[in-house]
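Read off the chains here:
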Number of protein chains: 2
Amino acid sequence: MIAAAAALAAKHRATLDQAIAAARGRGHFSAYPEAPSGKIYGETAKAEAEAAFNALLNHPFAAGAPQIGAERSPWGSALGVTYPALDVPALIARAEAAARGWAGASPEDRAGVCLEILHRLNRDSFLMAQAVMHTTGQGWAMAFQAGGPHAQDRGLEAVAYAMEELGRIPPAVRWTKQAGKEQLVLDKLFRAVPRGIGVVIGCATFPTWNGYPGIFANLVTGNVVIVKPHPAAILPLALTVRTARAVLAEAGFAEDVIQLAPDTPDAPIAAQLAAHEAVGIVDFTGGPAFGRWLREQVGGRKALHTEEAGINPVVLHSTDDFAGLCRNLAFSLSLYSGQMCTAPQNLFVPQDGIATDEGHKGFDEIGRALAAAVDALLKDPGRAAGVLGTVQSPATLDRIAEARKLGQVVRDSGSVDMPGFPEARSATPLLVAVDAGAREAWGEERFGPIAFLIRCADADAALDHAAHSARTRGAITALVHSTDEAFLARAEAAFARAGVALSENLTGGVFVNQSAAFSDYHVSGANPAGTSCLTDAAFVANRFHIAMARRPAAA
Amino acid sequence: MIAAAAALAAKHRATLDQAIAAARGRGHFSAYPEAPSGKIYGETAKAEAEAAFNALLNHPFAAGAPQIGAERSPWGSALGVTYPALDVPALIARAEAAARGWAGASPEDRAGVCLEILHRLNRDSFLMAQAVMHTTGQGWAMAFQAGGPHAQDRGLEAVAYAMEELGRIPPAVRWTKQAGKEQLVLDKLFRAVPRGIGVVIGCATFPTWNGYPGIFANLVTGNVVIVKPHPAAILPLALTVRTARAVLAEAGFAEDVIQLAPDTPDAPIAAQLAAHEAVGIVDFTGGPAFGRWLREQVGGRKALHTEEAGINPVVLHSTDDFAGLCRNLAFSLSLYSGQMCTAPQNLFVPQDGIATDEGHKGFDEIGRALAAAVDALLKDPGRAAGVLGTVQSPATLDRIAEARKLGQVVRDSGSVDMPGFPEARSATPLLVAVDAGAREAWGEERFGPIAFLIRCADADAALDHAAHSARTRGAITALVHSTDEAFLARAEAAFARAGVALSENLTGGVFVNQSAAFSDYHVSGANPAGTSCLTDAAFVANRFHIAMARRPAAA
């Protein structure tokens with residue numbers, strides 16, 4: 001069946017309206033169920049997805065030459081999947097050939113296509129879970145949720161923001177002005193024009209969650225997209241692009257509206273793509289070295305949205321639930337082995353300790369309690385495997401070894417047995433105590449399960465260190481624990497200025513690592529952790545311009 | 001009387017609401033009357049303004065040392081006004097000291113202050129007209145309108161866009177999510193946080209019209225502002241800043257929320273200001289050389305909005321009002337001696353001429369008719385002085401001399417007697433015929449009363465040249481004349497893609513040079529003429545970020 005774009009727009013209209021309302025209201029909303037339940041996704045969905053995933057292994061993903069790809073699951077073996085690779089001129093030429101038809105479609109039709117893509121991606125979330133798990137190394141449950149429904153919600157959110165912006169532009173207006181005795185009457189036409197080819201450069205840890213905002217913001221604003229995945233996590237974006245191309249073709253558009261552009265570490269193409277004169281928009285998630293290159297080389301001429309390194313702080317002042325604090329923080333340090341861009345690294349603690357509901361707790365006591373909470377969380381191997389997942393890159397293990405030497409080891413990192421995955425690359429959180437003066441230790445991002453317990457003069461000094469580091473070195477999240485409203489107010493002011501999303505007194509089932517679609521603003525653009533928020537008007541508004549044609553009205 | 005910010009917000013609420021509605025609807029709207037009428041502004045306003053202007057001459061504008069300033073009226077004599085100059089560290093220190101109080105005010109209060117500033121600037125439009133006339137060289141009527149009410153409308157428009165964006169962010173929300181059996185409830189606070197110090201770098205031709213969008217967009221989003229005027233046009237922005245500081249002080253804010261930062265051609269400070277780490281936003285109107293420096297040096301790290309050179313095309317295909325076409329175009333070429341960023345430079349004409357209501361007109365005939373229309377427009381010296389104004393910079397006269405050599409002179413530029421201003425620097429439009437292949441002649445901006453009549457193979461080739469030049473070299477406006485709807489549709493598509501505001505078949509009292517506040521989008525950001533539209537959401541949305549604090553709701 002050929003599904004026309006207009007039919008897709010009608011089919012998904014209610015979802016889009018809900019999403020726009022949710023983004024305005026910023027309460028809880030999700031269009032795509034996060035529970036990996038057979039009742040929702042079909043009782044056979046999981047088994048079928050595993051079979052489908054296994055069928056993908058050790059084969060070319062699609063025809064074409066040359067074939068490249070050397071993904072290895074952090075849980076064990078090589079995937080053996082290869083992908084056809086095009087060079088940059090060929091990618092650009094195909095993108096340009098596809099551009100006109102897509103730009104000419106109405107925003108409503110493009111939104112309909114986007115929502116159908118998201119709908120099918122949602123249907124296939126179990127397959128995506130396998131692909132995300134075996135490229136990023138996430139535990140299965142996280143791979144399902146963050147790689148599937150949560151990423152889809154982020155994509156929908158970008159569609160909602162863009163439609164909100166596009167919806168402000170009246171298609172036509174009659175302009176009438178009395179100028180002395182003469183009445184001037186013009187008919188004006190307005191329309192949003194895409195900025196050009198969008199390049200989305202993916203990361204190895206959250207390829208879909210971090211990639212979908214840029215992909216869908218580009219698509220709905222009429223831009224064609226070239227998706228350049230990280231060489232270690234191609235498959236999740238290859239599946240995404242395959243689904244998108246199928247929907248585009250069914251709706252009567254060129255498949256090349258979106259293209260996959262895999263590359264290898266030996267012959268990277270991201271810089272060449274980003275710098276190409278036909279490219280108008282670059283979305284990048286990755287390290288600050290390439291981020292800086294992008295900011296300097298393309299930032300002044302193109303729309304550039306980056307998410308780079310964050311060094312996320314925790315400030316302890318006081319608590320009325322010390323056990324909850326430790327449990328909650330242990331989970332945040334352990335989840336996906338500290339490889340979330342929102343995971344805490346630096347725990348700023350007064351040297352004289354803090355007041356708690358269990359009485360005064362000294363600095364060393366806090367360290368021991370946190371270590372014990374991590375141990376308790378990871379005691380059961382099955383649970384540990386689910387929470388920790390695996391370590392995406394071997395370089396992270398080297399960083400752990402180096403970090404051990406930087407201070408007093410309060411809790412050492414070790415490997416854990418992952419049931420069913422004897423070759424899994426694992427590492428539990430390392431907790432190292434240092435003095436606040438040891439900025440060479442804690443003042444840079446040490447990506448992975450590495451955290452510092454930082455001895456500060458007092459709680460105000462802890463807050464100052466944390467906020468200053470966030471402002472100058474970058475951070476995405478911060479967590480503060482205090483029973484004192486005045487201290488919380490100071491923290492709110494300091495972290496607002498630093499451009500960090502602040503969580504306070506988390507002791508239960510919400511974690512500082514989590515950023516909820518439609519409600520939380522992810523990244524601020526106000527510190528070195530990234531140039532842009534992924535979830536505000538500025539993220540979409542510069543992906544198009546408004547064209548005008550005006551003429552005297554017919555008499 | 002100390003007017004509290006809240007009272008100002010209430011006083012101007014209706015104006016703001018009207019402005020927001022107008023920016024949405026994009027019909028005609030103006031809050032500030034463009035007619036320089038005694039009935040509106042007071043019968044003595046003009047005489048009082050002239051006296052006030054004369055009292056400013058040959059005096060320091062304000063106390064302080066060192067005093068700098070060497071403005072010369074293009075209409076004749078030196079102004080003799082000097083201004084206290086601060087160095088960059090002092091400007092930044094004062095801006096930072098003023099920042100906290102301004103950032104802490106509500107958007108509504110800041111908007112109230114902005115609208116009071118605009119209200120007082122409007123009241124003083126006759127004085128502004130004198131200041132603009134005798135720095136930019138504009139004719140008096142244009143100096144009044146473009147320097148006064150039209151600039152004020154642009155400022156109000158920026159306030160409206162910013163309030164629209166700021167108004168989307170709910171100050172607080174309760175977020176409730178059912179997670180299995182557990183109900184997660186968070187209270188979240190959101191607020192817009194200014195990006196940092198804004199630097200607005202002014203131009204010599206439209207210091208207020210081009211400066212107000214950035215100034216007011218910054219102020220209302222909570223950023224403090226340093227206004228760096230062009231050394232040749234300090235006075236209009238000095239008056240603006242003085243008015244703004246008075247309102248700020250009365251409303252209880254630090255005067256240094258806005259500062260004037262004059263400099264000299266020998267010791268320019270714009271680069272040092274723009275690059276300072278405390279500066280987060282740069283607005284620039286001026287030439288592409290410094291524009292490129294800004295794009296490369298600060299564009300990737302800061303919010304940068306530039307308006308640079310535009311080479312605006314006209315395409316002639318056919319017309320049913322040849323006389324009107326010539327009259328209208330003659331006015332557009334003559335108005336302010338071609339020194340508007342929206343003035344046409346390149347007239348692309350089929351070598352075999354065009355069909356008109358007066359029969360077929362050949363290429364040479366069109367040139368003669370245009371020349372005659374310019375002559376007729378400028379025959380009366382008083383009218384000529386009003387339309388042409390004067391030439392702001394002596395360098396423009398050199399450019400005219402050089403342009404004469406580039407082809408066949410169809411109409412030569414000459415000086416005109418400006419009644420009452422014997423030393424005025426004047427130049428009428430130069431019209432030079434060249435072949436389309438002579439891109440070295442017409443392919444760059446030749447700022448001033450210089451236009452090329454470009455001989456093209458046919459109308460489609462004319463359109464192709466015009467659109468390609470706009471895309472690759474930059475343009476802000478385009479004008480096309482055609483009686484063929486299919487040709488107009490092709491022109492609309494081509495100039496939409498090129499990011500140019502298109503006018504069609506203008507033969508009456510609307511001119512391609514004019515950009516109406518609240519309706520026309522000025523600059524697209526989609527070609528080299530500038531990085532940003534001055535009048536859309538993207539212009540305001542990256543001047544602030546959204547800060548969040550969330551905590552578990554009290555049980």
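From a predicted model like this one, the values you see are computed outputs, not experimental measurements. (Residues numbered from 1 in each chain as written. Chains lettered and ligands numbered in written order. Predicted model: local features only at pLDDT ≥ 70, side-chain atom pairs only at ≥ 80, totals over all residues. Heavy atoms only, no water.)

**A look at the overall build of chain A**
Here is the rule: Strands are runs of DSSP state E lasting at least two residues, helices are runs of H or I lasting at least four, and both sets are numbered from the N terminus onward. Each residue's exposure class comes from its accessible area (1.4 Å probe, protein chains only) as a fraction of the maximum for that residue type: buried when under 20%, exposed when over 50%, partly exposed otherwise. Note on areas: Shrake-Rupley with a 1.4 Å probe; residue coverage comes only from the protein chains shown. Here the positive residues are Lys and Arg and the negative ones are Asp and Glu; neither His nor the chain ends is included. Think of each charge as sitting on NZ of Lys, CZ of Arg, CG of Asp or CD of Glu.
Secondary structure assignment for chain A yields 21 helices and 19 strands. Out of the 555 residues in chain A, the part that is buried amounts to 62%. Split by element, the accessible area of chain A, about 19200 Å² in all, is 53% carbon and sulfur. The average position of the 47 basic charges and that of the 55 acidic charges among the side chains of chain A differ by 8 Å.

**A look at the nonpolar core**
What counts here: Remark: nonpolar core denotes a set of buried residues (Ala, Val, Leu, Ile, Met, Phe, Trp, Tyr, Cys) joined through side-chain atoms within 4.5 Å. Contacts were defined at the residue level, with two residues in contact if any of their heavy atoms lie within 4.5 Å.
Among the nonpolar cores identified, the biggest contains 160 residues, and V113, I215 and F216 of chain A are the most heavily contacted of them. Ranked by residue count, the leading element in this core is helix α9 (residues 149-166) of chain A, at nine residues. What I215 of chain A contacts, discounting residues up to four positions off in sequence, is V200, V225, V227, L237 and I258 of chain A. One finds A5, V200, I476 and L506 of chain B within the second-largest nonpolar core, a separate group that totals 159 residues.

**Side note on the sheet that holds strand β10 (residues 312-316) of chain A**
Let me state the cut-off plainly: At least two DSSP bridges between two strands are required for those strands to pair. To define axes, lines are fitted to C-alpha atoms, for helices over the stretch in contact only, and angles between the resulting N-to-C directions are given on a 0 to 180 degree scale.
The strand order across the open sheet formed by 10 strands is β14(A)-β15(A)-β16(A)-β11(A)-β10(A)-β17(A)-β18(A)-β19(B)-β4(B)-β3(B), and the pairing between neighbours is mixed. What marks the edges here is a single partner per strand, and that holds for β14 (408-411) of chain A together with β3 (172-179) of chain B. Adjacent strand axes in the sheet meet at a mean angle of 25°, parallel and antiparallel pairs treated alike. Where β10 of chain A meets strand β17 (residues 477-481) of chain A, three bridges bridge the pair, whose relative direction is parallel. Of the residues in β17 of chain A, the one forming a bridge with L316 of chain A is H481 of chain A.

**What to know about the pairing of β10 of chain A**
Residues and elements named next belong to chain A. The condition that has to hold: By the criterion used throughout, a crossover qualifies as right-handed when its path from the first strand across the helix to the second strand runs clockwise, the strands pointing away from the viewer.
Counting buried positions along β10 yields five of five residues, so the element is predominantly enclosed. In terms of strand pairing, β10 meets strand β11 (residues 344-350) through four bridges, oriented parallel. Residue pairing in the sheet places V315 in a bridge with F348 of β11. Handedness of the crossover joining β10 and β11 through helix α14 (residues 322-334) is recorded here as right-handed.

**Considerations on the interface of chain A and chain B**
Going by this rule: Two parts lose some accessible area (1.4 Å probe) when they are put together, and adding that loss for both gives the buried area. For salt bridges, the criterion is a side-chain nitrogen of Lys or Arg within 4 Å of an Asp or Glu carboxyl oxygen. In protein, a polar contact requires one atom able to donate a hydrogen and another able to accept it; more generally it is a pair of N or O atoms within 3.5 Å, and residues adjacent in sequence count only if both atoms are side-chain atoms. Note on residue classes: Ala, Val, Leu, Ile, Met, Phe, Trp, Tyr, Cys and Pro are nonpolar, Asp, Glu, Lys and Arg are charged, and everything else, Gly too, is polar.
Contacts between chain A and chain B engage 70 residues on the former and 70 residues on the latter. At the boundary of chain A with chain B, total buried surface from both sides reaches about 5600 Å², with 53% on carbon and sulfur atoms. The largest share of the area that chain A buries against chain B comes from R168, R550 and R551 of chain A, three residues that together contribute 13% of it. Our count for the contact surface shared by chain A and chain B stands at 14 salt bridges. Remark: the boundary between chain A and chain B carries 28 residue pairs in polar contact (both at pLDDT 80 or more). Of the residues that constitute the side of chain A that touches chain B, the class distribution is 30 nonpolar, 17 polar and 23 charged.

**Comments concerning the environment of G76 of chain B**
Residue and element names in this part refer to chain B. Mapping G76 onto the fold places it in the loop between β1 (67-68) and β2 (83-84). Overall, the relative accessible area of 12% leaves G76 in the buried class. Between the alpha carbons of G76 and E358 there is a distance of 44 Å; along the sequence they are 282 residues apart.

**Section: helix α15 (residues 363-377) of chain B**
For the α-helix, the turn length of 3.6 residues means that residues three or four positions removed from each other point alike. Residues and elements named next belong to chain B. For the record, the criterion: In this scheme, a helix's expected span is set at 1.5 Å multiplied by one less than its residue total. Of all possible arcs, the one meant is that of the directions from the helix axis to the C-beta atoms.
Between its first and last C-alpha atoms α15 spans 21 Å; for 15 residues at 1.5 Å apiece the expected length is 21 Å, and the two agree. Along α15, the residues classified as buried are F363, I366, G367, L370, A371, A373, V374 and L377. Relative to the axis of α15, the buried residues are bounded by an arc of 160° and lie together on one face.

**A few points about the packing of α14 of chain A against helix α15 (residues 363-377) of chain A**
All names here are of chain A. Put simply, the rule is: Orientation categories follow fixed angle ranges, with anything under 35 degrees roughly parallel, anything over 145 roughly antiparallel, 65 to 115 roughly perpendicular, and all other angles oblique. Handedness of each helix crossing follows the sense of rotation of the near helix against the far helix: counterclockwise by less than a right angle gives left-handed, clockwise gives right-handed.
Where α14 contacts α15, the axes come no closer than 8 Å and their chain directions differ by 60°. It follows from the interaxial angle that α14 and α15 lie oblique. The way α14 lies across α15 gives a crossing that is right-handed. Facing F322, C326, R327, L329, A330, F331 and S334 of α14, the residues of α15 in contact are I366, A369, L370, A373, V374 and L377. Here the residues of the contact of α14 with α15 are counted per class, giving 11 nonpolar, one polar and one charged.

**Side note on the packing of helix α7 (residues 125-136) of chain A against helix α11 (residues 235-250) of chain A**
Angle between the axes and distance between the axes: these two values describe a pair of packed helices. Residues and elements named next belong to chain A. One way to put it is that α7 packs onto α11 with a least axis distance of 8 Å and a crossing angle of 150°. Considered as vectors, α7 and α11 are oriented roughly antiparallel to each other. Of the residues in α11, those in contact with L127, M128, A131, V132 and T135 of α7 are L235, P236, L239 and T240. Classifying every residue of the contact of α7 with α11 gives seven nonpolar, two polar and no charged.

**Description of the relation of the copies chain A and chain B**
Selection rule: A least-squares fit on C-alpha atoms brings the copies together, and the residues used are those whose pLDDT is at least 70 in both copies.
Rotating chain A by 180° and moving it 0.0 Å along the rotation axis overlays it on chain B with an RMSD of 0.0 Å. Put plainly, the chains are arranged around a two-fold axis. Residue by residue, 100% of the interface of chain A is reproduced at the interface of chain B, so both copies engage with the same surface.

**Description of unusual backbone geometry**
Residue P66 of chain A is bonded to the preceding A65 of chain A through a cis peptide linkage, with omega at -5°. In this fold, P66 of chain A is placed in the loop between α4 (45-56) and β1 (67-68). With a phi angle near 70°, F518 of chain B is a residue other than glycine that sits in the positive phi range. Looking at the element boundaries, F518 of chain B is found in the loop between β18 (501-504) and α21 (537-541). Overall, F518 of chain B belongs to the buried group, its relative accessible area being 0%.

**Thoughts on the sheet that holds strand β5 (residues 197-201) of chain A**
Hydrogen bonds between backbone atoms are what pair the strands of a sheet, whose relative direction is either parallel or antiparallel. Residue and element names in this part refer to chain A. If you trace the five strands from one edge of the open sheet to the other, you get β7-β6-β5-β8-β9, paired in parallel fashion. Only two strands of the sheet have a single partner each, and these edge strands are β7 (258-260) and β9 (303-307). Averaged over all pairs of adjacent strands, the angle between strand axes in this sheet comes to 15°, irrespective of strand direction. Two elements, strand β8 (residues 279-285) and β9, share five bridges in a ladder whose sense is parallel. Residue pairing across strands places F284 opposite T306, the latter belonging to β9. Across the face of the sheet, helix α13 (residues 288-297) comes into contact with β5, β8 and β9 while running at roughly 160° to β8.

**Digging into the environment of V349 of chain A**
Residue and element names in this part refer to chain A. As for its position among the elements, V349 is in strand β11. In this structure V349 comes out as buried when scored by relative accessible area, which is 0%. Here the alpha-carbon distance between V349 and Q339, two residues 10 residues apart in the chain, equals 23 Å. Filtering out sequence-adjacent residues up to four positions away, V349 remains in contact with L316, F363, I366, L453, I454, R455 and C456.

**Description of the pairing of β18 of chain B**
Side-chain alternation along β18 of chain B places A501 and S503 of chain B on one buried face and L502 and E504 of chain B on a second face that is also buried. Pairing between strand β19 (residues 544-552) of chain A and β18 of chain B: two bridges, direction parallel. Pairing of A549 of chain A across the sheet is with L502 of chain B, part of β18 of chain B. Examined bridge by bridge, strand β17 (residues 477-481) of chain B and β18 of chain B share four bridges and lie parallel to one another. In the strand pairing of β18 of chain B, L479 of chain B is matched with S503 of chain B.

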